[in-house]
Every structure is written in structure tokens, then in C-alpha cells.
Amino acid sequence: SKKAIIIGSGIAGLAAAIRLIHKGFEVSVFEANSYPGGKLSEIIINGYRFDAGPSLFTLPEQMEELFLLSGKDPKKYFDYIKLPVACHYFWEDGKHIKTWADINKFADEVETKLGEPAENIRKALRKSSYIYDHLAPLFMHRSLHKFGTWTNKEALKSYLKMGKLGIFSTMHKTNSRNFDHPKLVQLFNRYATYNGSNPYETPATLNIIPHLEFNIGAFFPKKGMHDITLSLYRLAQELGAKFNFNSKVEEILVEQGKAVGVMVNGQKILGDLIVNNMDMVNAYKTILRKQKQPTKLLDQPKSSSALIFYWGIKKVFPELDLHNILFSDNYKEEFDHIFHHRSIYHDPTVYINITSVYKPDDAPKGCMNWFTMINVPNNQGQNWDKLILEARRFIIQKVNRILKTDIESLIEVEEILEPRTIESKTSSANGALYGNSSNNKYAAFLRHANFSSQIKNLYFCGGSVHPGGGIPLCLLSAKIMSEMIAE
Ligand code: FAD
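Keep in mind that what you see is a predicted model, and the values were worked out from it rather than measured.

Criteria and cut-off values
Residues numbered from 1 in each chain as written. Predicted model: local features only at pLDDT ≥ 70, side-chain atom pairs only at ≥ 80, totals over all residues. Heavy atoms only, no water. Near = heavy atom within 4 Å. Polar contact = N/O pair within 3.5 Å; in protein donor to acceptor, adjacent residues only side chain to side chain. Areas by Shrake-Rupley, 256 points an atom, 1.4 Å probe, with all protein chains shown as cover. Helix = DSSP H or I, 4+ residues; strand = E, 2+ residues; numbered from the N terminus. Nonpolar A, V, L, I, M, F, W, Y, C, P; charged D, E, K, R; others polar. Disulfide = S-S within 2.5 Å. Phe/Tyr/Trp six-rings, centres within 6.5 Å; stacked < 30°, edge-to-face > 60°. Buried < 20%, exposed > 50% of the residue type's maximum accessible area, 1.4 Å probe, protein only. Lys NZ or Arg CZ within 6 Å of the ring centre and 35° of its normal. Core = buried A, V, L, I, M, F, W, Y, C linked by side-chain atoms within 4.5 Å. Contact = heavy atoms within 4.5 Å. Pairing = 2+ DSSP bridges. Axes fitted to C-alpha atoms, helices over the stretch in contact; angles between N-to-C directions. 1 Å grid on protein atoms, 1.4 Å probe; cavity = no way out; pocket = protein on both sides within 12 Å on 5 of 7 lines; lining within 4 Å. Points joined across faces, edges and corners; volume = space filled by probe spheres on them. Salt bridge = Lys/Arg side-chain N within 4 Å of Asp/Glu carboxyl O.

Caption draft 1: Quick look at the site of the ligand. Neighbouring the ligand are 34 residues, the closest being Glu31, Lys39, Gly463, Gly470 and Ile471. Interatomic distance of 2.6 Å between a side-chain N/O atom of glutamate 31 and an oxygen atom of the ligand. Residue serine 55 places a main-chain N or O atom 3.1 Å away from an oxygen atom belonging to the ligand. Here the ligand, which alone exposes 1,000 Å², has 95% of that area covered by the protein. Where the shell around the ligand is concerned, the elements lending two or more residues are α1 (11-22), α15 (419-426) and α16 (471-486). If you tally residues by element for the shell around the ligand, the top one is α16, at three residues. Classifying every residue of the shell around the ligand by side-chain character gives 15 nonpolar, 15 polar and four charged.

In C-alpha cells form, the structure reads like this:
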């Protein structure tokens, strides 16, 4: 049978391995790290377990499809629950709101606590699902780089509705029209950060995201986010994929316009099909350095990055949920700092993810595992050592003010992940979380395709290529890619 070589075992690389086996390929995966999963890994320190990267799980059917495709019962490999509350939001003035999965309950809470008409919520979420229904078939499930995508009926219908789909407005402008209360504008603006963008610049089309969280749901894998990696890895192995860890690919070998193999640890390995799951920008700089560079695509602005403090906290805060947000008092200033000053803001929005709320064995008894994160600019050579120290102080002050505590005295374990280490651990260009940012209306068209137009037999999947970053889109990138190969 034909041989496929996959470079990288990120979530899309794992999905690609599974899908290519179903296409009849013999699959070998080469991974630079000693473990699979890339950004989706875990950290264990002194009785505390943390999911290292992604914390929010949406569109579980993308995962399940991979098991069903293999004739397996997904529940036997990977189980999850639907969250009754997607997130608990806190503000400095003492107000707090839960985004209940039950939309009417959420709308009522918003009306009672903030005086925002409940109908505004329902209306905004209907608009959000309208965008999803019109754009998902076009942008998420297909290649934008094949002629057929643009000549079908769905595409024509979508063109006619571009205005209604928010292409010509920004997320912030549209949210300001949708809601009366500034706190709700802020809450809905936050969805821009789900792909590392700026709500004051990103097109209102990204209001598609609340549809996923509210209308479909936010989920939590019963064994933690890392189980997404582990269960796909297990399935791929059972199907016969061969994994090579500590095996950094040094070059994709190209002969007469055709990818023919890879160089790993000075050894030539030949294959009929090469799939690159490494960040696209860094791939062109390193393993494709001898090939023609798609300069325009490489130069696109990158998404934001993150600064995370993994804190073992020796106390239980009953008011905290799995996902919590302590909002900045000035969201606009915060985003200006991230995207324009390329620095951090003294009053950052703090995200606290606590898996021990649902998975008690992730922390010792009477304790919580806090994944405490702020959005930060991607790495442009800032003085990170200084910024991290400052940010740590700002975060601690914010937590103390809102939760009325002295959090520093409760931290018994600490580990840090920041833009430089995100890049060194996963090869993500500038430590960006989601590849390119979506801060303009052309961004969707300026992601690299799932195939190379220059080099035959070379394909791409992962968060830095079409359709974009985040677990569901990464899984879809592997699907779009493998469907092309069938063609
Ligand atoms: P990556 O995870 O980028 O992995 C690429 C792999 O390729 C790595 O294992 C790397 O070692 C390997 N590699 C690179 N170069 C080579 C080489 N030369 N040879 C061999 N192997 C190589 N998404 C969500 O959906 N929800 C969230 O809540 C969320 N939060 C996030 C929070 C953080 C802190 C981070 C970092 C990301 C977050 N994301 C979230 C984004 C999500 O993690 C990514 O979009 C996704 O995991 C990327 O998967 P990928 O397939 O592109 O591969």
C-alpha cells in the first residue's frame, strides 16, 4: 500500500493519521516532542494535574466522527458531559453572571441583574445561528482553494447575504447595536478571543462563535482535555499508525516538483504522500526553506498569544466554576495594548480554568488547580521576563479585588507558559495560539490551503492553515485534507 508521512502529532496530525488509514495508506507520524498532542498536552506537579493548552471543548461530533468512521463506539474511548454553565463572568463592581446552557435562563438572569431585555439575547443568538447556517458549509467544511467551492448553490446563497453575515461591520459595532448594557457588549466581544482576534477590528461574522457555545453547547471531557489527545492517539495506534517521537523532521524532500519524503535525524525516509501538521510559517522557514515561499500568506498578522500561570491553590472557592472570567474595566484599552502597543495592560481580563471542579482528582483534597491565563501579544521580542513579572502582579491584584482574597499566600505550586515557550514547545510562529488573526475581512482567504499548489503530494493540516485554529477547526482541516486525497 501507499505510504503517508505525517509531520507533527498535534490534534490535526492525529486526525489525519486516522483518516489516511481509512483511505488505505500506511501511516508514519514523526513528532519532535517525546509526547503526542502538541498544544493539547498536560502538566502534572505535586498532586495537581493541568490541561496545558486548550480548555474549552466545542463541537464534540468532530471527535466522535473519527471513532464512528473506524467502526468504534466513541463512548468506549472518550466520554464527555455537556456543561450546565459555559462560563461564570465577574466584574469589579461585584456584578456576576453565568452563561447558562439553558438560553432562557441566561436571558432571564441578564434581564434581572442588568436590566437587559431578555429578548435581546434570544435575538442575538438567532443571528449567530443564521451566520453559522450560511457560512459553516462554505468556510468550515470545504477548501476555499478549489474552484468547486465557489460554484455551488450554497456559495451563491452566501454571497447574496454578505452584509447580513457581518462582513462589513466589526464585532464590537454589531454587539453595541444588539445590546443595551455595556457588560453584555463586553461579554459577547470576548468571543473574538476564541481565535485570538481583536473584537474592535474583527468582522462581525465572528459572531458565529456564540452559536457554538450557546446553541450547540460547551462540553468537558470527563478525563480532562488531554483525553482528546490520548483517545485519538490510542485509536490511531490501534488502526496501525506508527508513531516516532523525538523525531524532528529536518526537511521535506522535493524532487521535480513532487514531495517524496522527509529527512529525520539525518536519515532519508520516503513516502508517497507528505502531510505537514507543523505550523505553516515555521515550516516554510525550516523544512521547506529551499522551496518557493508564499510570501503574502507568511506575512499575515498572527493571532494573540497567552500567558498562563498554572497554580496549585490550597483552598476551594465555591463561587468558581470550570470556566471563569474576571473582566477588565476597560476592554478597548486592553485590546489596544495587546494588538497595537504589543504589551500587557495593568487591568487585564483574567481567565481561570479549574478542571478540579468537575474532576476532583486533578487537585489534592481541599485544593483547586487554577489555569490562570491572560491574552498577551504574540512574541515580537518584547522583554518577556519583565512583562511576566508585571502581569503576575496585575493578575494577583485583580483576583484579590474580585474574589476578596489574598491569592499569593494560597499558591503552593507554580508553572508558567508564555509566548516564547509556546513557540519552543510546539513550533507555533511567534507563539500565536491560532495561526493568523482574523482582524480583517480578508483573513479567511489568506490562510494557507490544505494542499500545496507548487509541490505535488504535499498537504497541510492544523491550526495555522484553512479553516483555522481551535480544536474543531483543526479536526476539520484534517477532514478537508483527506477528502482532497480521495479526489
Ligand atoms: P499543534 O498543537 O500546533 O502541534 C504541532 C505539532 O507538530 C507539535 O507536537 C510539534 O512538536 C510538532 N512539530 C513541529 N515541527 C515539527 C518537526 N519539524 N518535526 C516533527 N514534529 C514537529 N483551542 C480550542 O479549541 N479551545 C481552547 O480553549 C483553546 N485554548 C488554547 C489555549 C492555549 C494556551 C493554546 C496554546 C491553544 C489553545 N487553543 C484552543 C488552540 C488549540 O490548542 C490549537 O488550535 C490546536 O491544538 C492546534 O493543533 P495543531 O494540529 O495545529 O497542532
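Caption draft 2: The arrangement of the state of the cysteines in detail. Here the structure, examined in full by the defined rule, presents zero disulfides. Note on cysteine 461: no disulfide assigned, nearest cysteine sulfur contributed by cysteine 474 at a separation of 8.3 Å.

Caption draft 3: Inspection of the packing of aromatic side chains at higher detail. Throughout the structure, instances matching the rule amount to 28 aromatic pairs. Judged by centre distance (5.0 Å) and plane angle (35°), the ring pair of phenylalanine 67 and tyrosine 77 falls under tilted. You can see phenylalanine 67 sitting in helix α2 (residues 61-69) and its partner tyrosine 77 sitting in helix α3 (residues 74-77), a full 10 residues away along the chain. Of the residues examined, phenylalanine 67 reaches a relative accessible area of 0% and is grouped as buried. Looking at tyrosine 77, the relative accessible area reads 9%, which means it is buried. Each ring, one from phenylalanine 188 and one from phenylalanine 214, has its centre 5.8 Å from the other, and the planes form 15°; the classification is stacked. With phenylalanine 188 in helix α8 (residues 182-189) and phenylalanine 214 in helix α9 (residues 209-216), this residue pair connects regions lying 26 residues apart in the sequence. Summarising the burial analysis for this pair, phenylalanine 188 and phenylalanine 214 share the class buried. Here a set of aromatic residues connected by ring pairs shows up, and it is made of Tyr89, Trp91, Tyr200, Phe327, Tyr331, Phe335 and Phe339. Over the ring of phenylalanine 317 we find lysine 315, and its NZ or CZ is 4.6 Å from the ring centre. Cation over ring: lysine 332 sits above tyrosine 200, and NZ or CZ is 5.6 Å from the ring centre.

Caption draft 4: Region of interest: the environment of aspartate 108. Inspection of the secondary structure puts aspartate 108 in helix α4 (residues 103-114). In sequence terms aspartate 108 and alanine 118 are 10 residues apart; their C-alpha atoms lie 5.7 Å from each other.

Caption draft 5: Expanded view of the nonpolar core. In terms of nonpolar packing, the biggest core is built from 63 residues, with Phe106, Ile121, Leu184, Leu187, Phe188 and Tyr191 touching the most fellow members. Ranked by the residues each element gives to this core, the list is headed by helix α5 (residues 118-140), at 11 residues. Residues contacting leucine 187, with those up to four places away along its chain left out, are Tyr89, Trp91, Ile97, Thr99 and Phe327. With 45 residues, the next largest nonpolar core counts Ala15, Met225, Leu232 and Cys461 among its residues.

Caption draft 6: Spotlight on the sheet that holds strand β6 (residues 85-90). Pairing in this open sheet of seven strands is mixed, and the strands run β7-β6-β15-β16-β17-β14-β18 from one edge to the other. The sheet terminates laterally at β7 (96-100) and β18 (411-417), the two strands that pair on one side only. The sheet shows a mean angle of 20° between the axes of neighbouring strands, direction not considered. Sheet topology places strand β16 (residues 350-353) next to strand β17 (residues 368-376); three bridges connect them, and they run antiparallel. Across the sheet, the residue bridging to isoleucine 352 is threonine 372, located in β17.

Caption draft 7: Focus on the layout of surface pockets. What the second largest pocket holds in volume is close to 340 Å³. Lining of the second largest pocket is provided by 23 residues; of these, Lys127, Ile131, Lys164, Thr174 and Asn178 occupy positions nearest its centre. Here the lining of the second largest pocket takes seven residues from α5, the largest share from any one element. The class makeup of the residues in the lining of the second largest pocket is 11 nonpolar, eight polar and four charged.

Caption draft 8: Representation of the sheet that holds strand β2 (residues 26-30) within the structure. Reading across from one edge, β9-β2-β1-β13-β19 is the order of the five strands in this open sheet, with parallel pairing throughout. Of all the strands in the sheet, just β9 (242-244) and β19 (458-460) have a single pairing partner and so form its edges. Geometrically, the sheet is characterised by an average inter-axis angle of 20° between neighbouring strands, direction not taken into account. Helix-sheet contacts for α1 involve β1 (3-7), β2, β9 and β13 (273-276), and the interaxial angle to β1 is about 170°.

Caption draft 9: Geometry of the pattern of salt bridges. All chains considered together, the criterion is met by 28 salt bridges. For the salt bridge of arginine 234 with glutamate 238, the shortest nitrogen-to-oxygen distance reads 3.4 Å. Linking arginine 234 with glutamate 238, this pair stays in helix α10 (residues 226-239), spanning four residues, or about one helical turn. Note that aspartate 362 is salt-bridged to lysine 359, the shortest N-O span being 2.6 Å. Taken individually, aspartate 362 and lysine 359 each receive the classification buried, so the pair is uniform in this respect. Several salt bridges share partner residues, and in doing so they unite Glu42, Arg49, Asp51, Lys359, Asp361 and Asp362 into one network.

These figures come from the coordinates and say nothing about function on their own.
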